[in-house]
Structures are given as structure tokens and as C-alpha cells.
Amino acid sequence: AYIDHLFFRDFHDAEERLAQLATTLPAASSVEAIEKQLLDAPCAAFGTVSAALFHLQDNGSFALAPNAQGWPATAATSFSVDDPLVLRFREFPKPLRLSALLRKNTDLPQGAAFPAIIIPLVVDRYVDAFVMYGGHEAGTDLSPDEITTLVQLADAAAMARDHVRSISLRQQLEETQRRIRS
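Here's what I pulled together on the structure shown here. Starting from 1, residues in each chain are numbered consecutively following that chain's sequence as written. Predicted model: local features are reported for residues with pLDDT of at least 70 only, side-chain atom pairs are reported and counted for 80 or more only, and whole-chain, interface and lining totals are derived from all residues. Heavy atoms throughout the structure, all of them, feed into the side-chain values; hydrogens and water do not.

## Examining the packing of aromatic side chains
Our working rule: The pairing test for Phe, Tyr and Trp rings, Trp by its six-membered ring, is centres within 6.5 Å, and the orientation test on the planes gives stacked under 30 degrees, edge-to-face over 60, and tilted for anything in between. The helix and strand labels rest on DSSP assignments: H or I over at least four residues marks a helix, E over at least two residues marks a strand, and numbering proceeds from the N terminus. Only protein chains enter the calculation, and the probe is 1.4 Å; a residue is then buried if its accessible area is under 20% of its type maximum, exposed if over 50%, and partly exposed in between.
In the structure shown here, the tally under the stated rule is six aromatic pairs. Look at phenylalanine 62 and phenylalanine 130: their rings are 5.0 Å apart centre to centre, the planes differ by 50 degrees, and that puts the pair in the tilted class. With phenylalanine 62 in strand 2 (residues 62–64) and phenylalanine 130 in strand 5 (residues 126–134), this residue pair connects regions lying 68 residues apart in the sequence. With respect to class, phenylalanine 62 is no different from phenylalanine 130; both count as buried. Look at phenylalanine 79 and phenylalanine 130: their rings are 5.5 Å apart centre to centre, the planes differ by 65 degrees, and that puts the pair in the edge-to-face class. Here phenylalanine 79 is found in strand 3 (residues 78–79), whereas its partner phenylalanine 130 is found in strand 5, with 51 residues between them in sequence. Assessed through its relative accessible area of 1%, phenylalanine 79 is described here as buried. Overall, the relative accessible area of 0% leaves phenylalanine 130 in the buried class.

## Quick notes on the nonpolar core
Short version of the rule: Remark: nonpolar core denotes a set of buried residues (Ala, Val, Leu, Ile, Met, Phe, Trp, Tyr, Cys) joined through side-chain atoms within 4.5 Å.
If you look at the biggest cluster of nonpolar residues, it comprises 35 residues, and the most contacted ones within it are Leu25, Leu38, Leu53, Ile119, Leu121, Val131 and Tyr133. Elements represented by at least two residues in this core include exactly helix 2 (9–24), helix 3 (31–46), strand 1 (51–56), strand 4 (115–123), strand 5 and helix 5 (144–181). Here the element with the most residues in this core is helix 5; it accounts for 10 residues. Ala52, Phe79, Leu96 and Met132 belong to the second-largest nonpolar core, a separate cluster that totals 18 residues.

## Describing the sheet that holds strand 1
Remark on secondary structure: sheet strands pair via backbone hydrogen bonds, oriented parallel or antiparallel. Filter applied, for reference: At least two bridges found by DSSP between two strands is the condition for calling them paired. We call two residues in contact whenever any of their non-hydrogen atoms come within 4.5 Å of each other. All axes here are fitted lines through C-alpha atoms, helices being fitted over the stretch that makes contact, and every angle between N-to-C directions spans 0 to 180 degrees.
Pairing is antiparallel across the open sheet formed by five strands, whose spatial order is 3-2-1-5-4. On the outer flanks of this sheet lie strand 3 and strand 4, each paired with one strand and no other. The sheet contact formed by strand 1 and strand 5 spans five bridges and is antiparallel. Bridge pairing in strand 5 links leucine 53 to valine 131. Contacts between helix 3 and the sheet are confined to strand 1, strand 4 and strand 5, with strand 1 contributing the most and set at about 160 degrees to the helix.

Structure, rendered in C-alpha cells:
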């Protein structure tokens, strides 16, 4: 235990910070604040080179959200409704590595910024968004423990996004009811 603590202290501290963030995300007041934390915190904690979030659009495609980290302007800004990644998430909304897909990845960042893991944000069994995290600045891959922590953070972000939207819809309903009564 002592050796683990001595050699992996930074990693354990990063895991703890992200676990604390996951518990506080439901208190966020906006979807934008949640998404910013989902992108910024893992890059700072684990030293990932890139992080990008893609939102579901009305037409079934996914578009790049603001605040992407290390995501080059030449990289993908959207994924079509028929992209193999989108099709995969429709059937199996679970984290995946791009090597598991038969997909040309020429539209994604290269080198350490290449997505090491893609994690869907699932609300009511539907993928509402997905986040892509690159590897470490040193060029190494994410560890299984880091991936587990990122999945937990993404799950918390999905619940928090749904909670914020529910509050907003309730406020809109109450406002509409007030107008009708007036």
C-alpha cells in the first residue's frame, strides 16, 4: 500500500478530484457548465491531450460542442446520422475504442490527440452526446482505471444534464401555466 501510494500518488489524487466532481455535477446550474467541466477537468487531472464533446442534433447527427480541448480546427466538427460511430452508439451505447469500428479516421486528430476512448452520455437509453478523450501528453494510452473514472464522470454528467433540462422544462411549464391563467 505504501509503495502504491508513493509511486501513484498523483494518479490517485487525480482520480479523487474527478470522483468529487462527479458527485457535485448535479448541482450545476447549466448544461454549459457541466460540459465545460467534463472537458476541462480530465485534461487537467490526467494530462489528456484532447477532449471533445458532440451533441445530438434534431436530424440525428452529432455536432461539436464549444470548449473542446486540443481539438484541431481541421478535425471533425460533426458526425452524420449514418457514421459508423453513430450507428454503433444507437445499437450499443457503451464506451468504445475506435479500433473496434470499421471506420476511416482521417477526420480525427492524430498522434496523442487521437481519441483513446469515446464515451456516450446516455439519457433514458438514448445517446444524447458523446465525449472523446485523447491519450496522455507523453503519448501513452489511458489506463483501465483512468477509463473507468472517465466513464463514471460521463455518467454523472449525463444525469446532471438531464436534471438541468428537467428544471428548465418545469420552469417553462410553470410560466406557460401562469400566462394561461392571466
